[in-house]
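Overview (structure and organization)
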Amino acid sequence: MKYLNMKTKSIFFAAILVAGVAVGAIAKEVPSEAGMAVVSVKGSEVIKVIYKGISAGKVKVNVYNAASKVVFSESRNTVEGFILPLNFTGLEAGQYTVEIVDAVGAKSEKIEYQPTISTTNIHVVKLNQAGKFLLSVAKNTDENISVRIFDEQNNLVHASSKKVAGDFAQLFTFAKFSGAYTVEVSNEQGQTTVVSL
């Protein structure tokens with residue numbers, strides 16, 4: 001008889017466990033469908049704000065910089081949701097907060113924005129004339145560019161920093177330009193291009 005009681009108890013507890021799992025599964029399948037995500041677009045300065053709502057209505061999108069200043073704000077009417085691409089070109093590097101305010105309340109996500117600089121837009125060319133080479137930077141954003149030049153013994157022979165915007169070019173002339181030289185060009189984010197001549 002004890003065996004039947006234990007078996008009955010086991011079946012009873014198994015039935016409770018199955019019922020609990022079924023309720024949990026149903027709860028997981030029907031979550032609050034409101035939500036947002038912020039996704040960076042690789043190789044660009046664009047981020048996508050993805051929003052899904054639970055009802056039609058007015059939705060406001062705000063972007064704040066690290067000092068909590070609004071750098072972008074837009075209101076839109078939506079039925080189910082949207083994907084909003086935001087171009088961060090021209091904004092300073094740092095942390096930004098993307099906030100969505102709808103009928104349910106406010107949701108936000110923080111992102112770390114770093115402007116991109118393609119190392120392919122920096123060119124250093126040794127000219128035919130002795131002791132001269134040309135540095136050019138194409139389609140650069142408004143930022144400081146640092147240039148350091150080392151001789152073949154790795155001695156620093158030139159260092160300068162310039163604020164440039166758009167296309168930039170500079171001719172360098174050294175009276176004793178012989179042997180191998182290394183040109184190092186860096187931007188404000190610490191991205192560096194090194195060219196040996």
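Calculation rules
Residues numbered from 1 in each chain as written. Predicted model: local features only at pLDDT ≥ 70, side-chain atom pairs only at ≥ 80, totals over all residues. Heavy atoms only, no water. Pairing = 2+ DSSP bridges. Helix = DSSP H or I, 4+ residues; strand = E, 2+ residues; numbered from the N terminus. Axes fitted to C-alpha atoms, helices over the stretch in contact; angles between N-to-C directions. Patch = residues over 30% accessible without salt bridge, like charges linked within 9 Å, V, L, I, M, F, W, Y side chains within 5 Å. Areas by Shrake-Rupley, 256 points an atom, 1.4 Å probe, with all protein chains shown as cover. Salt bridge = Lys/Arg side-chain N within 4 Å of Asp/Glu carboxyl O. Buried < 20%, exposed > 50% of the residue type's maximum accessible area, 1.4 Å probe, protein only.

We now examine the pairing of strand β4 (residues 70–78). Of the pairings in the sheet, the one linking strand β3 (residues 57–64) to β4 comprises eight bridges and is antiparallel in character. Directly across from Val 59, in β4, lies its bridge partner Arg 76. Hairpin connection of β3 to β4: five residues between the antiparallel strands, including Ser 68 at a positive phi of 65°.

Now for the sheet that holds strand β1 (residues 35–40). Picture the strands of a sheet paired through backbone hydrogen bonds; they go either parallel or antiparallel. If you walk across this open sheet you meet the three strands as β1-β2-β5, and the pairing is antiparallel. Two strands close off the open sheet at either side, each with one partner strand: β1 and β5 (81–87). Across this sheet, the average inter-strand angle for adjacent strands is 15°, counted without regard to direction. Strand direction decides the pairing type here: strand β2 (residues 46–52) and β5, joined by seven bridges, are antiparallel. Within β5, the residue paired with Tyr 51 across the bridge is Phe 82.

Okay, a nonpolar patch on the surface next. On the surface, Val 125, Leu 127, Leu 134 and Leu 171 cluster together into a nonpolar patch covering about 290 Å² of accessible area. Locating Val 125 in the fold gives a position in strand β8 (residues 122–126). Taking the relative accessible area as the measure of exposure, Val 125 reaches 42% and is therefore partly exposed.

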